[in-house]
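# Examining the three-dimensional arrangement
Here are the chains, one letter per residue:
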Amino acid sequence: MKVNLQPALNDANLDAQQQNSQRQLAISISAVGENQDRHVPLNLCLILDHSGSMGGRPLETVKKAATLLVDRLNPEDRLSIVVFDHRAKVLVPNQLIENPEHIKQQINRLAADGGTAIDEGLRLGIEELAKGKKERISQAFLLTDGENEHGDNDRCLKFAQLAASYNLTLNTLGFGDNWNQDILEKIADAGLGTLSYIQKPDQAVVEFSRLFNRMQTVALTNAYLLFSLMPNVRLAELKPIAQVSPDTIELPVQSEADGRLAVRLGDLMKDAERVILANIYLGQLPKGKQAIANLQVRYDDPTLNQFGLFTPNIPIYANVAEVYQPALDRQVQQSILALAKYRQTQLAEAKLQQGDRAGAATMLQTAAKTALQMGDTSAATVLQTNATQLQSGGELSEADRKKTRIVSKTVLQDTPPK
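Residues numbered from 1 in each chain as written. Predicted model: local features only at pLDDT ≥ 70, side-chain atom pairs only at ≥ 80, totals over all residues. Heavy atoms only, no water.

With that settled, consider the overall build of the chain. A tally of helices and strands in the chain yields ten helices and 19 strands. Its C-alpha atoms give the chain a radius of gyration of 23 Å, within 12% of the compact-globule value 22 Å for 418 residues. Projected onto its principal axes, the C-alpha positions of the chain cover 75 × 60 × 35 Å. Within the chain, the proportion of its 418 residues that are buried is 54%. Sequence-distant contacts in the chain: of pairs separated by 6 or more residues, those separated by 24 or more amount to 77%. Carbon and sulfur atoms make up 48% of the accessible area of the chain, which totals about 18100 Å². (Helix = DSSP H or I, 4+ residues; strand = E, 2+ residues; numbered from the N terminus. Rg over C-alpha atoms; globule rule 2.2 N^0.38 Å. Buried < 20%, exposed > 50% of the residue type's maximum accessible area, 1.4 Å probe, protein only. Contact = heavy atoms within 4.5 Å. Areas by Shrake-Rupley, 256 points an atom, 1.4 Å probe, with all protein chains shown as cover.)

Given below as structure tokens:
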């Protein structure tokens, strides 16, 4: 397997007379390779809420979804299951799939009881997942239907960051309408996973299957995007880098020992594009074709048991001209719009929390227009409907707020405008 790295500036031309310029650099990254690659064993941990509010149909459908995943695992894969109410326990210790029927029996004995302590479930889940991570694709699915009433949200975030340092991916699933979207999003973002919304119990099987399918396509792990910026070129100071596809996530930047800037990417899926958007500032540059940055990806290839591999350095050039003519890249503009939609929706949520309903409605309308520019009509419908609801004096339900969060992070319909 190899890494496909394709960078592009939103405008590759610069004005030689301009003392300062701003550009967005979009970087498409994916794993590519032959069809005959051998299967990389999986290491999956299910972290399941079985508090009292999960009783009845919700817990039964989650148990069904979990047992169906057991049937899809191969004998060389590993599975662990942690369950939590106001406490947490290991239901199935990390193990090879040697006795799937026994594992399913353990799942089916699960009953609903107690409150909710997400952080304890997360802590045990990370411990179990770490036990089987060697030469495997390691991910956790954390499902809850409630607030972290018996836990500490800051502790959850610290555990998520710890998981990232172990090269573990965390996916979160909010069940019903009463879960805390802020903390579940932060856990998924820190763990470079995805946030899912299970509005109705029957959707649990579909969402578990979707996440599992994504996990099966992971080909390369522990990937980092490395930046070398030329003199007179710098990243923006505030939120300089974000992932915009397949989900929108603000990404932290760290410094390497050699002075380069690094952004953790985590798992790379085969033939599935990840798009990273960097906001950069350039000082005045001499005329001609000028190198402004170098990009490289460091990664592990578990299919070959090879670690710390590097792609070739990819230089980024700008054309500095005396007579400036813009050279806009339409695809990069799509990435810029995806990030704008996410940030506009975040502003709307902040205004709503402050009691500024008119301001929230205006920002939701702006986000809806941005979604339409992208061709994301499904998101535009959700955002505009919520804006209209606020303008008419209505309230947004918990379901409305959660749908808004999900559509802000993903492109539900990725047909570009004509």
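Turning to the confidence of the model for the chain, a few remarks are in order. Averaged over every residue, the pLDDT of the chain is 94; residues scoring 70 or more account for 97%. This stretch, residues 413-418, has a pLDDT under 50; its non-local contacts, to residues over four places away or in other chains, come to 14 contacts. (pLDDT = per-residue confidence, 0-100.)

Moving on: the side chain of Asp-85. Of note, Asp-85 is situated in the loop between strand 5 (78-84) and strand 6 (88-96). Of the buried charged residues, Asp-85 lacks a salt bridge, with Arg-87 as the closest side chain of opposite charge at 4.2 Å. Excluding residues that lie within four positions of it along the chain, Asp-85 makes contacts with His-50, Ser-51, Asp-113, Gly-114, Gly-115, Thr-116 and Ala-117. (Lys, Arg positive; Asp, Glu negative; His and termini not counted. Salt bridge = Lys/Arg side-chain N within 4 Å of Asp/Glu carboxyl O.)

Time to look at empty space enclosed by the protein. Under the defined criterion, the tally for this structure stands at three cavities of 30 Å³ or more. Those elements that provide at least two residues to the lining of the largest cavity are strand 8 (169-175), helix 6 (203-216) and strand 15 (261-269). Among the elements that take part in the lining of the largest cavity, strand 15 stands out by supplying four residues, more than any other. Among the residues forming the lining of the largest cavity, the class breakdown is eight nonpolar, eight polar and four charged. (1 Å grid on protein atoms, 1.4 Å probe; cavity = no way out; pocket = protein on both sides within 12 Å on 5 of 7 lines; lining within 4 Å. Points joined across faces, edges and corners; volume = space filled by probe spheres on them. Nonpolar A, V, L, I, M, F, W, Y, C, P; charged D, E, K, R; others polar.)

Our focus in this paragraph is helix 5 (residues 181-190). For helix 5, a buried count of seven out of ten residues is recorded, marking the element as mostly surrounded by other parts of the structure. What helix 5 keeps buried is the set Gln-181, Ile-183, Leu-184, Glu-185, Ile-187, Ala-188 and Asp-189. The backbone nitrogen of Asp-182 lies 2.9 Å from a side-chain oxygen of the residue at the head of helix 5, namely Asn-180. Phi turns positive, to about 50°, at Leu-192, one or two residues after helix 5. (Polar contact = N/O pair within 3.5 Å; in protein donor to acceptor, adjacent residues only side chain to side chain.)

Pairing is mixed across the open sheet formed by six strands, whose spatial order is 6-5-4-7-8-9. The sheet is open, and its two edges are formed by strand 6 and strand 9 (195-198), each paired on a single side. When strand polarity is set aside, the average angle formed by the axes of neighbouring strands in this sheet is 15°. When strand 5 meets strand 6, the two strands line up antiparallel, connected through six bridges. Pairing of Arg-78 across the sheet is with Leu-96, part of strand 6. Lying on the sheet, helix 3 (residues 118-131) is in contact with strand 4 (42-49), strand 5, strand 6, strand 7 (137-144) and strand 8; it crosses strand 6 at an angle near 15°. (Pairing = 2+ DSSP bridges. Axes fitted to C-alpha atoms, helices over the stretch in contact; angles between N-to-C directions.)

Take the pairing of strand 10 (residues 218-229) next. The buried fraction of strand 10 is high, at nine of twelve residues. As judged from the seven bridges shared by strand 10 and strand 15, these two strands associate in the antiparallel manner. Looking across to strand 15, one finds that Val-218 is bridged to Met-269. Relative to strand 17 (residues 288-301), strand 10 runs antiparallel, the two being bridged by seven bridges. When the bridges of strand 17 are listed, Thr-221 appears paired with Asp-300.

Per the stated rule, a full pass over the model turns up 24 salt bridges. Across the salt bridge formed by Lys-409 and Asp-189, the nearest N and O atoms sit 3.1 Å from each other. Residue Lys-409 is found in helix 10 (residues 398-409), and its partner Asp-189 is found in helix 5; the two are separated by 220 residues along the sequence. Each member of the pair, Lys-409 together with Asp-189, is buried. Overlapping salt bridges, with partners in common, bring together Asp-182, Glu-185, Asp-189, Glu-349, Arg-405 and Lys-409 in one network.

If you trace the backbone, Gln-18 turns up in the loop between strand 2 (13-15) and strand 3 (20-32). At 3.4 Å, the side chain of Gln-18 and the backbone oxygen of Asn-20 are in polar contact.

This part is about the layout of surface pockets. Estimated volume of the second largest pocket: approximately 650 Å³. In this structure, the second largest pocket is lined by 24 residues; those nearest its centre are Lys-186, Asp-189, Ala-190, Glu-250 and Pro-252. Mapped onto the lining of the second largest pocket, the elements with two or more residues apiece are helix 4 (153-165), helix 5, strand 13 (249-250) and helix 7 (330-353). For the lining of the second largest pocket, the class distribution of residues is ten nonpolar, five polar and nine charged.

Attention shifts here to the packing of aromatic side chains. Applying the stated criterion to the full structure yields two aromatic pairs. Seen in terms of ring centroids, Phe-141 and Phe-208 are 6.0 Å apart; in terms of plane orientation they differ by 85°. Their pairing is edge-to-face. Of this pair, Phe-141 sits in strand 7 while Phe-208 sits in helix 6, placing them 67 residues apart in sequence. Among the residues examined, Phe-141 registers a relative accessible area of 0% and is labelled buried. Against the face of Tyr-224 rests Arg-298, its NZ or CZ located 5.0 Å from the ring centre. The ring of Trp-179 has Lys-402 sitting right over it, with the charged end atom 5.0 Å from the ring centre. (Phe/Tyr/Trp six-rings, centres within 6.5 Å; stacked < 30°, edge-to-face > 60°. Lys NZ or Arg CZ within 6 Å of the ring centre and 35° of its normal.)

Moving on, we get to the packing of helix 7 against helix 8 (residues 357-374). Interhelical geometry of helix 7 versus helix 8 gives an angle of 165° and a closest axis separation of 8 Å. Accordingly, the angle class assigned to the pair helix 7 and helix 8 is roughly antiparallel. For the element pair helix 7 and helix 8, the recorded crossing hand is left-handed. Residues Gln-334, Leu-337, Ala-338, Ala-340, Lys-341, Gln-344, Thr-345, Leu-347, Ala-348, Lys-351 and Leu-352 of helix 7 form the contact with helix 8, whose own contacting residues are Arg-357, Gly-359, Ala-360, Met-363, Leu-364, Thr-366, Ala-367, Thr-370, Ala-371, Gln-373 and Met-374. Taken together, the residues of the contact of helix 7 with helix 8 break down into twelve nonpolar, seven polar and three charged. (Parallel < 35°, antiparallel > 145°, perpendicular 65-115°, else oblique. Left-handed = near helix turned anticlockwise from the far one by under 90°.)

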